[in-house]
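Below are the chains, spelled out letter by letter.
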Amino acid sequence: MSRLKRELYRDPSRGKVAGVCAGLSDYFNMELWLVRILFITAVLLSGGPLFIVVYVACWFILDKRETTPNRSPDAKDEDKVSVKFKVWQKGEPPRQALYDLKDRLSRLDGRIQNMERYVTSPEFTVSREIDKL
């Protein structure tokens, strides 16, 4: 079984300060709010200066996540639906994912019906015959 190679990046588009927590949430497939709460708890209850120094070091060491040129960094990926099975995992709850998929399929069905309506119309036949000339 092959696993996808994951790399640790920081994601400043989703981050509050430098995007280190956002990069960690992507790497460990956890909700962003949970990573932030864990970091704040670690700072307050454990060695505060140590975690702050590690955060600043990660800020300078980690590369920024590359964004595709034709999409904004916070745009949702329309091709993927990630369903979370546990509360702390990143993704959509199963019920919401089902509603989203149902909505997407109904929009696709409408587009296919419009294409079929055009292809079976006399307008399409006339335009195809004109193009053949």
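Side note on the environment of Val35
Turning to step 1, where the next piece is worked out: Along the chain, Val35 falls in helix α2 (residues 32–45).
Turning to step 2, where the next piece is worked out: By relative accessible area, Val35 is classed as buried at 8%.
Turning to step 3, where the next piece is worked out: Counting along the chain gives ten residues from Val35 to Ser25, while the straight-line C-alpha distance between them is 6.2 Å.
Turning to step 4, where the next piece is worked out: Non-local contacts of Val35, meaning those with residues more than four positions away in its chain, are made with Cys21, Leu24, Ser25 and Met30.

Remarks on the packing of aromatic side chains
Turning to step 1, where the next piece is worked out: Per the stated rule, a full pass over the model turns up four aromatic pairs.
Turning to step 2, where the next piece is worked out: The interplanar angle of 85 degrees and the centroid separation of 5.0 Å between the aromatic rings of Tyr27 and Phe28 together place this pair among those described as edge-to-face.
Turning to step 3, where the next piece is worked out: Relative accessible area serves as the criterion here: at 25%, Tyr27 is assigned to the partly exposed category.
Turning to step 4, where the next piece is worked out: Overall, the relative accessible area of 47% leaves Phe28 in the partly exposed class.

Notes on the packing of α2 against helix α3 (residues 48–61)
Turning to step 1, where the next piece is worked out: Between α2 and α3, the shortest axis-to-axis distance is 6 Å and the interhelical angle comes to 135 degrees. Accordingly, the angle class assigned to the pair α2 and α3 is oblique. Touching Phe39, Ala42 and Val43 of α2 are Gly48, Phe51, Ile52 and Tyr55, all from α3.
Turning to step 2, where the next piece is worked out: Looking at the contact of α2 with α3, its residues break down into six nonpolar, one polar and no charged.

Some thoughts on the layout of surface pockets
Turning to step 1, where the next piece is worked out: Size it by volume and the second largest pocket reaches roughly 170 Å³.
Turning to step 2, where the next piece is worked out: When contributions to the lining of the second largest pocket are tallied by element, the ones reaching two or more residues are α1 (20–28), α2 and α3.
Turning to step 3, where the next piece is worked out: Residue classes in the lining of the second largest pocket are distributed as 13 nonpolar, no polar and no charged.

Rules used throughout
- Residues numbered from 1 in each chain as written.
- Predicted model: local features only at pLDDT ≥ 70, side-chain atom pairs only at ≥ 80, totals over all residues.
- Heavy atoms only, no water.
- Helix = DSSP H or I, 4+ residues; strand = E, 2+ residues; numbered from the N terminus.
- Buried < 20%, exposed > 50% of the residue type's maximum accessible area, 1.4 Å probe, protein only.
- Contact = heavy atoms within 4.5 Å.
- Phe/Tyr/Trp six-rings, centres within 6.5 Å; stacked < 30°, edge-to-face > 60°.
- Axes fitted to C-alpha atoms, helices over the stretch in contact; angles between N-to-C directions.
- Parallel < 35°, antiparallel > 145°, perpendicular 65-115°, else oblique.
- Nonpolar A, V, L, I, M, F, W, Y, C, P; charged D, E, K, R; others polar.
- 1 Å grid on protein atoms, 1.4 Å probe; cavity = no way out; pocket = protein on both sides within 12 Å on 5 of 7 lines; lining within 4 Å.
- Points joined across faces, edges and corners; volume = space filled by probe spheres on them.

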